[in-house]
Amino acid sequence: MMTLIRTIKQTLGIAMIMTMTIGRTAAGAAPQLYAGTARADITPTAEQAVDLSNRPMELHEPLFARVLVLQSGDTRLAIVALDLILFSSRKVVDEAKTRFNLDHVILSSSHTHAAPAAEGMRIKPPLGDWTRRGEPGEAFDWDALSDDPWYAATEAKILNAIHEAANALFPASITAGRGPFESVYMAHNRRKVHPDGRVEMMWDNPTLQPTEPLDPSLGVIRIVDAEGNPRAILVHFACHPVGMMASGRVSRDFPGAMCDHIEQELGNEVMAFFLQGASGDLDPHFMNQRGQHRLNVVRETGVALARAALTLADTLPPGDPAPRITAEQRIVPVARRGNRERTSEAALTVATFGDRVALVSVPGEPFIQHQLDLRATLPEPDPWMLGLAYSGAGSPFMIYLPTEQAVAEGGYGATECSYVAPDAGAKIVAAAVDALRRQFRRDTPQ
Amino acid sequence: MTLSMPWRAGWQTLGDHLRDRGDQAGALQAYLNAHERVAIAHTGTPRGWMPMSATLNAAAILRNQGRYAEALDVLDRYDVEALTGMAYWGERALRARAHVYAGQGRDREALALFRRANPLQAEREK
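Owing to the predicted nature of the structure, the values given are computational and were not obtained by experimental measurement. Residue numbers run consecutively from 1 along every chain, following the written order of its sequence. Each chain gets a letter, beginning with A, and each ligand a number, beginning with 1, in the order they are written. For this predicted model, a pLDDT threshold of at least 70 governs which residues receive local features, and a threshold of 80 or more governs which side-chain atom pairs are given and counted, while totals over whole chains, interfaces and linings are taken from all residues. Calculated side-chain values reflect all of the structure's heavy atoms, with hydrogen atoms and water omitted.

The next point concerns the overall build of chain B. Where helices and strands are cited, they refer to DSSP runs of H or I of at least four residues and of E of at least two residues respectively, numbered from the N terminus. The helix and strand tally for chain B stands at 7 helices and 0 strands. Secondary structure elements of chain B occur, N-terminal to C-terminal, as α-α-α-α-α-α-α. In chain B, which comprises 126 residues, the share counted as buried stands at 52%. In this description, contact between two residues means that some pair of their heavy atoms is separated by no more than 4.5 Å. Counted over contacts in chain B with a minimum sequence separation of 6, partners at least 24 positions apart contribute 51%. For every residue, the accessible area (1.4 Å probe, protein chains only) is compared with the maximum for its type, and the residue is labelled buried under 20%, exposed over 50%, or partly exposed between those bounds.

Next up on the list: the sheet that holds strand β11 (residues 217-225) of chain A. Residues and elements named next belong to chain A. Here, any two strands with at least 2 DSSP bridges between them count as paired. Read from one edge of the open sheet, 9 strands run β14-β12-β11-β7-β2-β4-β5-β6-β21, paired in mixed fashion. The open sheet has two edge strands with one neighbour each: β14 (271-276) and β21 (389-390). Here, axes are lines fitted to C-alpha atoms. For helices the fit covers the stretch in contact, and angles between N-to-C directions go from 0 to 180 degrees. Along the sheet face, helix α5 (residues 291-315) touches β7 (170-180), β11, β12 (230-237) and β14 and points at about 60 degrees away from the line of β11.

This part covers the nonpolar core. By nonpolar core is meant a set of buried Ala, Val, Leu, Ile, Met, Phe, Trp, Tyr and Cys residues that side-chain atoms within 4.5 Å join together. By size, the foremost hydrophobic cluster in this structure holds 103 residues, and its most contacted members are Met121, Ile162, Leu218 and Leu305 of chain A. Setting aside chain neighbours within four positions, we find leucine 218 of chain A in contact with Gly177, Arg178, Gly179, Pro180, Phe181, Val235, His236, Phe237, Leu305, Ala308, Ala309 and Leu312 of chain A. Listed in part, the 45 residues of the second largest apolar core include Tyr31, Leu56, Ala110 and Leu113 of chain B.

All names here are of chain B. Interaxial distance between helix α3 (residues 49-64) and helix α6 (residues 87-103) falls to 10 Å at its minimum, and their mutual angle equals 15 degrees. Comparing the axis directions of α3 and α6 gives the class roughly parallel. Between α3 and α6 lies a crossing of left-handed hand. Two secondary-structure elements touch here, α3 through Trp49, Met52, Ser53, Leu56, Asn57 and Arg63 and α6 through Trp89, Arg92, Ala93, Ala96, His99, Val100 and Gly103. Oblique is the label for any angle not covered by the other classes, which are roughly parallel (under 35 degrees), roughly antiparallel (over 145) and roughly perpendicular (65 to 115). By convention, the crossing between two helices is left-handed when the near helix turns anticlockwise from the far helix through less than a right angle, and right-handed when the turn is clockwise.

This paragraph deals with the layout of surface pockets. In this analysis a 1.4 Å probe is tested at points of a 1 Å grid over the protein atoms alone, and where it fits but cannot get out there is a cavity; an open set with protein on both sides within 12 Å along at least five of seven lines is a pocket; lining residues have an atom within 4 Å of a point. Grid points are joined across faces, edges and corners, and a volume is the space filled by probe spheres set on the points. By volume, the largest pocket amounts to about 910 Å³. In terms of lining residues, the largest pocket is bounded by 30 residues, among which Gln289 and His293 of chain A together with Arg19, Ala60 and Asn64 of chain B are the most central. Elements that contribute at least two residues to the lining of the largest pocket include exactly α5 of chain A together with α1 (10-20), α3 and α6 of chain B. Here the lining of the largest pocket is built from residues that sort into 10 nonpolar, 13 polar and 7 charged. In terms of lining residues, the second largest pocket is bounded by 28 residues, among which Leu52, Ile85, His113, Met245 and Tyr412 of chain A are the most central. Note that Gly is not counted as nonpolar here; it falls among the polar residues with everything else outside the nonpolar set of Ala, Val, Leu, Ile, Met, Phe, Trp, Tyr, Cys and Pro and the charged set of Asp, Glu, Lys and Arg.

On to the interface of chain A and chain B. Counting from both sides, the interface comprises 16 residues of chain A and, opposite them, 18 residues of chain B. In protein, a polar contact means a hydrogen-donor-capable atom and an acceptor-capable atom, both N or O and within 3.5 Å, with residues adjacent in sequence counting only if both atoms are side-chain atoms; elsewhere, any N or O pair within 3.5 Å suffices. Counting across the interface, chain A meets chain B through 11 residue pairs in polar contact (both at pLDDT 80 or more). Its residues placed into classes, the side of chain A that touches chain B shows 7 nonpolar, 5 polar and 4 charged.

This brings us to the confidence of the model for chain B. Residue and element names in this part refer to chain B. Of the residues in chain B, 82% have a pLDDT of 70 or more, and the chain-wide mean is 82. The quantity known as pLDDT measures the predictor's confidence residue by residue, on a range of 0 to 100. The spread of mean pLDDT over the elements of chain B runs between helix α2 (residues 24-43), the lowest at 72, and helix α4 (residues 68-75), the highest at 94. Among the scores for the predicted complex, ipTM is 0.79 and pTM is 0.89.

Attention shifts here to empty space enclosed by the protein. Residues and elements named next belong to chain B. Going through the model one piece at a time under the given rule, you end up with 5 cavities of 30 Å³ or more. Computed from the structure, the largest cavity encloses a volume of approximately 60 Å³. Looking at the largest cavity, the residues that line it are Met52, Thr55, Leu56, Leu75, Tyr78, Asp79, Val80, Leu83, Ala93 and Arg97. Put simply, the parts of the chain that give the lining of the largest cavity at least two residues each are α3, α5 (80-83) and α6. When the residues that make up the lining of the largest cavity are grouped by side-chain class, the tally is 7 nonpolar, 1 polar and 2 charged.

Residue and element names in this part refer to chain A. Two aromatic rings from Phe, Tyr or Trp, using only the six-membered ring of Trp, form a pair when their centres are within 6.5 Å; if the ring planes differ by under 30 degrees the pair is stacked, by over 60 it is edge-to-face, and anything between is tilted. Scanning the entire structure with this criterion turns up 14 aromatic pairs over all chains. Ring geometry for tryptophan 130 and phenylalanine 140: centres 5.3 Å apart, planes at 75 degrees, overall edge-to-face. Pair noted here: tryptophan 130 is in the loop between β6 (104-109) and α3 (149-166) and phenylalanine 140 is in the loop between β6 and α3, with a separation of 10 residues, a long-range link. The class for tryptophan 130 is buried, based on a relative accessible area of 1%. Here phenylalanine 140 falls in the buried class, since its relative accessible area comes to 12%.

What follows deals with the pairing of strand β17 (residues 339-353) of chain A. Residues and elements named next belong to chain A. Relative to β17, strand β16 (residues 325-336) runs antiparallel, the two being bridged by 12 bridges. From the neighbouring strand, alanine 335 faces β17, where its bridge partner is threonine 343. From the end of β16 to the start of β17, which pair antiparallel, there are 2 residues, and glycine 338 there has a positive phi angle of about 80 degrees. Note that β17 and strand β18 (residues 357-361) share 5 bridges and pair antiparallel. Within β18, the position partnered with phenylalanine 353 by the bridge is valine 357. Following β17, the chain reverses through 3 residues before pairing antiparallel with β18; glycine 354 in that reversal takes a positive phi of roughly 70 degrees.

Written out as structure tokens, the structure reads:
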């Protein structure tokens, strides 16, 4: 029934608000927080390992789906961090909601470019390069991606992992914070705009030339159980994981190394999550390295991020066992470039966890300026803009979401591989700010 | 490596060749030979482009192999502060040391060296 209602509302193209106010006591105190984690191995077989550009890959390391289920009162939501370039499965979101009584599901892909892609989305004839042809939701049947055995198995594994996490809930507390992160390894803005207005794509930056805009910070959420043991560390940072791109190997890239290091440092009971930020125009400094050095650089990139995350985690205040949690999904109609009569729908899931952190999922690749604008407009609770994050409605993937200035300047991601109107990103930020203000104001005790 | 190499730049060239072929161990030995057996043996001093270049290349290989302490030992043959008077070599020496620091997890020190190298690059490119 809910699916039918959602479909009707989406069809009408109305900005929709489905707010879930978490059950609270009469006195206004929020109920105990519960959390659960689970992990699924979603590595393809050697035969299934083919990337988005239709190139076969060797198996280098396993890929995972990591699930965090949070429950407060009668509301549950799941955050799924995926070692994939993109994963927008309506089937997973809809089934998880129905089968496991979840109100919201966010599928957050790390965007590693060394991951497999379903056969139905690979860039090859007759489909061709759908990333350069307007709304991807109209390029092919996204629901039919399940015809690919690896993709279908991945959907099933994710659902099983969500089930496992939802069945293993423990009393938890949550805390979060943001701190500086400047590294030799990342990130730089790959759009170099010359004084004459010409845009040069600077894919790598091995001499660390200064670029802008950047967000030299990272966010950390720490989930602790009732005994005070850390159980989950979520890290928010924005940078394309392209260190292993076109290496011919399946790899989690730097987010995998980050997760490995955190889990090695904190022990097996802890699950680490990488949540990709607004990385649309950000790359790591070192790309196209050779041989063992390439593997070393990718690992060191992740370890540097992990170290900073662990340092920040140590400074966070004690966790809140009863945070006020709010969540809603907003469908934001955005015009298409060159034809404002036609729209696409950006489905955002906006959630707050107490007064310290909020998530804003965006099913595309926002430029970093949008993340900066969101935080500058509403710094508290710290809003994490999640790129490549699908929550079951609207466009499955909006490709790049540049700024109006970037569209005027041109370049990859701005006038290439971007089909939405120049103001689409600003509209998404405005909708997120509005949602957060509504949620936070309503839940702030009077 | 026992190859006789009367041509002074031969070890350097051999190192470049072996590195391009992916023979890191062979390239490292060639670069070390270029520095010690040939350059200094002929000139009696580590000055000149060849020992400097060989040193940086050897350090890069050691760094890429995770042998950070050895890489720093090799780089310590030169006073990086003195080299900053020469934009080209100063820039390369600072970045070489920065890469080793980064591998050691000394991110702040590495970043500081990278940032010191950038003005030298700008000066060189004038």
